Amino acid sequence: MFISVTTPDEIAGLSYSFKDELSISFSGLKMKSSEKYLPCENFAAAIKSVLEDLSEKAEFKGFRESFAVFSGISESGEYEALTDKDGFIKNISLKEINLNVSLDSICFQ
């Protein structure tokens, strides 16, 4: 999975790649590490844990406006995910860590 930040401008270009190992890059700097060193509150780790849970055991809650609403509990806490009519995830929120992410696209490598 590859996560790339586009906003806010201060961290635009920050990217995380979860493959065999974790790679983090920003402004020409690149670091490789183990995923276990990321805190659960790290937004990339939180998104990854939500996506893993969402694909396995999320509960469909109904519709809000034009979005399907799913919820569950991931390693990073309780979440809510919104998908569009085509099933693409458009928003993920985790209240416990005050994270609300709008997604343009998801790329799995």
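Preceding block: the structure.
Just so it is clear, the structure is predicted and the values come from calculations on it, not from any experiment.

Thresholds applied
- Residues numbered from 1 in each chain as written.
- Predicted model: local features only at pLDDT ≥ 70, side-chain atom pairs only at ≥ 80, totals over all residues.
- Heavy atoms only, no water.
- Pairing = 2+ DSSP bridges.
- Helix = DSSP H or I, 4+ residues; strand = E, 2+ residues; numbered from the N terminus.
- Axes fitted to C-alpha atoms, helices over the stretch in contact; angles between N-to-C directions.
- Phe/Tyr/Trp six-rings, centres within 6.5 Å; stacked < 30°, edge-to-face > 60°.
- Buried < 20%, exposed > 50% of the residue type's maximum accessible area, 1.4 Å probe, protein only.

(A) Seen up close, the sheet that holds strand β5 (residues 59-64). With antiparallel pairing, the five strands of this open sheet are ordered in space as β5-β6-β7-β8-β9. Each end of this open sheet is capped by a strand with a single partner; those strands are β5 and β9 (99-102). The mean inter-strand angle of the sheet, taken between neighbouring strand axes irrespective of direction, is 20°. One ladder, built from four bridges, connects strand β8 (residues 89-94) with β9; its direction is antiparallel.

(B) Looking closely at the packing of aromatic side chains. If you walk through the whole model with that rule in mind, you get three aromatic pairs. Seen from their ring centres, phenylalanine 60 and phenylalanine 63 are 5.3 Å apart, and the 70° between their planes marks the pair as edge-to-face. The exposure class of phenylalanine 60 is partly exposed, given its relative accessible area of 43%. Ring-pair connections join several aromatic residues into one group, and the members of that group are Phe60, Phe63 and Phe70.

(C) Structural view of the pairing of strand β6 (residues 67-74). Note: β5 against β6, five bridges, orientation antiparallel. Each bridged residue has a counterpart across the sheet, and for glutamate 59 the counterpart in β6 is serine 71. Between β5 and the antiparallel strand that follows it, β6, lie two residues; glutamate 65 among them carries a positive phi value of about 55°. Strand direction decides the pairing type here: β6 and strand β7 (residues 77-83), joined by seven bridges, are antiparallel.

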